[in-house]
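Residues per chain are reported as follows:
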Amino acid sequence: MQSRFYLSLLLISSLVLIAFMGIAFNREMNPEWKKYQTEYKDFLVKNAKDASTRQRAERIQIGMQQIYIKSLERSDRCMSCHRGVENPLMAEAEQPHRQHSGNYLENHPIAKFGCTVCHRGQDRATNMREAHGEEHTHWDFPIIPSKYIQGSCAQCHDYEMLRQEGGEKVARGEELFRQKGCQGCHKIGGKGGDLGKDIAGIGSRPFAYFSMKHVVGDHNLYNWVKQHFDDPRAIVPESEMRVFLTDEEAELLTTYMMTFVTAEMPRNYTLIKNVIQPKIDGESLYKMYCIACHSDGRVSLYDEIFKRTIPAIRNPAFTRSIDDEHLRTIIKEGRKGTQMTAWKVSAAGLTDADINKIIMYITMNRPEKKPEPFGFLKYKADVRHGEELYNIRCEFCHGAEGKGGEGFLGINLRNPAVQKADPEFLAITVRDGREGTPMVSFGMKGLKLDNQDIADMVAYVKTLSQKK
Amino acid sequence: MIKKTRNTEGVSRRDFLGLAAFGAAILGSIGVLAGSLRFVKADVYSEESKKFKIGKKENFPIGTTRKFDDKNVFIFSDDNGLFAISAICTHLGCIVSPSEFGFQCPCHGSRYDENGNVIGGPAPRPLEWYEINQEVDGTLFIDAGKAVPQGTKYLFA
Ligand code: FES
């Protein structure tokens, strides 16, 4: 009885083994690429235009193809299916047989570059699904959609060359990156604000780094980046990112993001034609670092995401009443309690020269005529009276505690930039108001408070930081 | 019942089971062994290809001499066809250059005639000749991994 049990066990397990062997054998004999290579060969034999071509076509050996490139650490097997990629006779064929488009391969011979260094995907895979890394293969860098592929060009080429010679998408992406003020919040190469994440290496970050929960379609890096540009909060609900991009711009910027990769190309692959960096003037700097929040800086605006008013820093009313030194302090140190970043070199990485250029740009339209001096020191300010006036005049916009913030039009008067400011400057602001902002003039031009009252109010405001 | 079966089929049920079980086990084992032989030879190797394209045959009219610097191969074209000779000295691997008698090595003075035969110096062997072949689309390529006998020249239609 016992031996019978063991014999049955042996029989069944052997049969299972044989069945698996059959499957393995079948797979080994019929890999996906074999079908494509047979098609390729048959096509060439059938369409050969002369005898010698036919002969050569008949000599094609079917087998797995691999391009091994030591310095790039790649073993690209793409040609196992795409055998016609270098063959001009396949220019019109359907994929996977078609010749590579354009003249890219002339300067990028496959033997030297392989495929995945530009197209990404899984180099060693031997079937389409795994090689392209699509759907749920969990390959970190699936094949890059052709609309973003120019991001790969920047691994070896400079943007000036790309702009002129077939890389205009990524070159435009780079421009947009500077114009949309991305670095106002994101650091790259040590420069930029810190409200957002450092984006160094984002183009080669593994899949697991990103929250894919809300991504529509394939869950991969490219879709995450693009959809995040379309609507940051749809992908990362707690994001504070401000974006104003058309669909095309989002695509261009996604392309540009793919240039931030950590691996460096070996020297003998890179070709930098233009080593001269473009001159960056004050306007460009303003766009790079300031525009995302301050827009063109002409009018102040209430921001729905930050829940606060963003001041109009290029408005004459502002620039007239603030001197360069004061501006420099604000830019360098930032404003605590607000989104304003400290831009000094040890924080957001801007050099003094950069900051000077920005100040020059901001104050470009500063009116010649300085505001009439207030002469704050002439007045003996009465803080108690100032408080009474504050409660009537200022509380409505700045809040009872002077904190401004959600639901209030005014700025936070407790922040150091106000508290440390020269009372003369504050008094002038109260007296003349600030164009382009809800701050009206309280002096003779506006609400007709006399200077003594204004001095009292300012004196009270200066005490706010000591209050609980 | 059992008796009857034994009589009519000549094999007991247990014997049949044993035969089948051992048979299948042996078959399976042979299959696995035979299958694993398949893995002795790899489909592809992790080494850089020695093949490189040199363009169309029209680029090499009779009388051409060209050196592919990064590959260290000379290409010649004469009445009898195209041929490729290695530029790597067989002594210690310096790169030879063409001279009036054939090739001259700068390192230890080996000299070769125009077919690559040693005519002086320490070189132990003649320079290698390589196979030239043609892609389907007509592009020529040299396979520097495949040496061919001296004097092998290729005529392409
Ligand atoms: S290497 Fe050429 S002679 Fe020694």
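Up top you'll find the structure we're talking about.
Residues numbered from 1 in each chain as written. Chains lettered and ligands numbered in written order. Predicted model: local features only at pLDDT ≥ 70, side-chain atom pairs only at ≥ 80, totals over all residues. Heavy atoms only, no water.

1. Points about the overall build of chain B
So the rule is basically this: A run of DSSP states H or I qualifies as a helix once it reaches four residues; a run of E qualifies as a strand once it reaches two. Both are numbered from the N-terminal end. Restricting the calculation to C-alpha atoms gives the radius of gyration, and the globule rule supplies 2.2 Å times the number of residues raised to the power 0.38. Only heavy atoms enter the contact rule, under which two residues are in contact if any of them lie within 4.5 Å. Calculation of accessible area relied on Shrake-Rupley with a 1.4 Å probe; when residues are assessed, cover is drawn exclusively from the protein chains displayed. The charged-residue count follows a simple rule in which Lys and Arg add positive charge and Asp and Glu add negative charge, with His and chain termini not counted at all. To locate a charge, take NZ of a lysine, CZ of an arginine, CG of an aspartate or CD of a glutamate.
What chain B contains, in helices and strands, is two helices and ten strands. Along chain B, helices and strands appear, N-terminal first, in the series α-α-β-β-β-β-β-β-β-β-β-β. For 157 residues, the compact-globule estimate of 2.2 N^0.38 gives 15 Å, and chain B exceeds it by more than 25% at 30 Å. Over its C-alpha atoms, taken along the principal directions, chain B stretches across nearly 100 × 40 × 25 Å. Pairs at least 24 apart in sequence give 36% of the contacts found in chain B among residues at least 6 apart. Total accessible area on chain B stands at roughly 9500 Å², and carbon and sulfur atoms take up 57% of it. Counting 19 positive and 18 negative side-chain charges, chain B places the centres of these two groups 15 Å from one another.

2. Focus on the sheet that holds strand β5 (residues 97-99) of chain B
Residue and element names in this part refer to chain B. Heads up, the condition is: Between any two strands, at least two bridges found by DSSP are needed for them to pair. As a rule, the C-alpha atoms of each element are fitted with a line to give its axis, helices using only the stretch in contact, and angles between N-to-C directions run from 0 to 180 degrees.
The four strands lie next to each other as β5-β6-β7-β8, forming an open sheet whose pairing is antiparallel. Of all strands in the sheet, those bounded by a partner on one side alone are β5 and β8 (118-120). Within the sheet, the average angular offset between the axes of one strand and its neighbour, ignoring direction, is 35°.

3. Here's the deal with the nonpolar core
Residues and elements named next belong to chain A. Our working definition: Residues belong to one nonpolar core when they are buried, are Ala, Val, Leu, Ile, Met, Phe, Trp, Tyr or Cys, and are joined through side-chain atoms within 4.5 Å. Accessibility here uses a 1.4 Å probe with only protein chains present; expressed as a share of the type maximum, an area under 20% marks a residue as buried, one over 50% as exposed, and anything in between as partly exposed.
In terms of nonpolar packing, the biggest core is built from 42 residues, with Tyr-289, Ile-331, Ile-358, Ile-362, Phe-374, Ile-454 and Val-458 touching the most fellow members. Breaking this core down by element, the ones donating at least two residues are α13 (282-289), α16 (324-333), α17 (352-362), α18 (383-393), α20 (416-419), α21 (423-432) and α22 (451-463). Counting residues per element, this core draws most heavily on α22, at six residues. Those residues in contact with Tyr-289 that lie beyond four places of it in its chain are Gln-183, Gly-184, Lys-191, Gly-192, Trp-343 and Leu-350. Counting 30 residues, the second-largest nonpolar core is a separate cluster that includes Tyr-148, Phe-177, Ile-235 and Val-236.

4. Thoughts on unusual backbone geometry
Residues and elements named next belong to chain A. Gln-95 connects to Pro-96 through a cis peptide bond whose omega is 5°. Looking at where Pro-96 falls in the secondary structure, it is placed in the loop between β2 (74-76) and α4 (104-107). Its identity is not glycine, yet Glu-73 carries a phi of approximately 55°, on the positive side. Within the fold, Glu-73 resides in the loop between β1 (67-69) and β2. Residues other than glycine seldom take positive phi values, yet His-138 does so here, at roughly 60°. The topology assignment puts His-138 in the loop between α7 (128-132) and α8 (159-164).

5. Some remarks on α21 of chain A
Residues and elements named next belong to chain A. α21 sits mainly inside the fold: eight of its ten residues count as buried. For α21, the full list of buried residues reads Phe-425, Leu-426, Ala-427, Ile-428, Thr-429, Val-430, Arg-431 and Asp-432. On its buried side, α21 packs onto α15 (316-321), α16, α20 and α22. Directly after α21, the chain includes Gly-433, whose backbone phi takes a positive value near 75°.

6. Describing the packing of α16 of chain A against α17 of chain A
Residues and elements named next belong to chain A. Operational definition: In what follows, roughly perpendicular refers to angles from 65 to 115 degrees, roughly parallel to angles under 35, roughly antiparallel to angles over 145, and oblique to any angle outside these ranges. By convention, the crossing between two helices is left-handed when the near helix turns anticlockwise from the far helix through less than a right angle, and right-handed when the turn is clockwise. Residues are sorted three ways: Asp, Glu, Lys and Arg are charged, Ala, Val, Leu, Ile, Met, Phe, Trp, Tyr, Cys and Pro are nonpolar, and all the rest, Gly among them, are polar.
At a minimum axis separation of 10 Å, α16 and α17 run at an interaxial angle of 125°. One element, α16, and the other, α17, form an angle in the oblique class. By crossing handedness, the relation of α16 to α17 is classed as right-handed. Where α16 approaches α17, its residues Asp-324, Leu-327, Arg-328, Ile-331 and Lys-332 are matched on the opposing element by Asp-352, Ile-355, Asn-356, Ile-358, Ile-359 and Ile-362. Within the contact of α16 with α17, the residues separate by chemical class into six nonpolar, one polar and four charged.

7. So, the state of the cysteines
The following threshold applies: Count a disulfide wherever a pair of cysteine sulfur atoms falls within 2.5 Å.
Counted by the stated rule, this structure contains one disulfide over all chains. A disulfide bridge connects Cys-94 of chain B with Cys-107 of chain B, and the sulfur atoms are separated by 1.9 Å. With the S-S bond torsion at -90°, the cross-link from Cys-94 of chain B to Cys-107 of chain B turns out left-handed. Here Cys-107 of chain B lies in the loop between β6 (102-104) and β7 (111-113) and Cys-94 of chain B lies in the loop between β4 (81-86) and β5, a separation of 13 residues in the sequence. Here Cys-182 of chain A is not cross-linked by a disulfide; its sulfur's nearest cysteine counterpart is in Cys-185 of chain A, at 9.0 Å. Cys-185 of chain A carries a free sulfur, and the closest cysteine sulfur to it, the one in Cys-293 of chain A, is 5.0 Å from it. The class for Cys-185 of chain A is buried, based on a relative accessible area of 17%.

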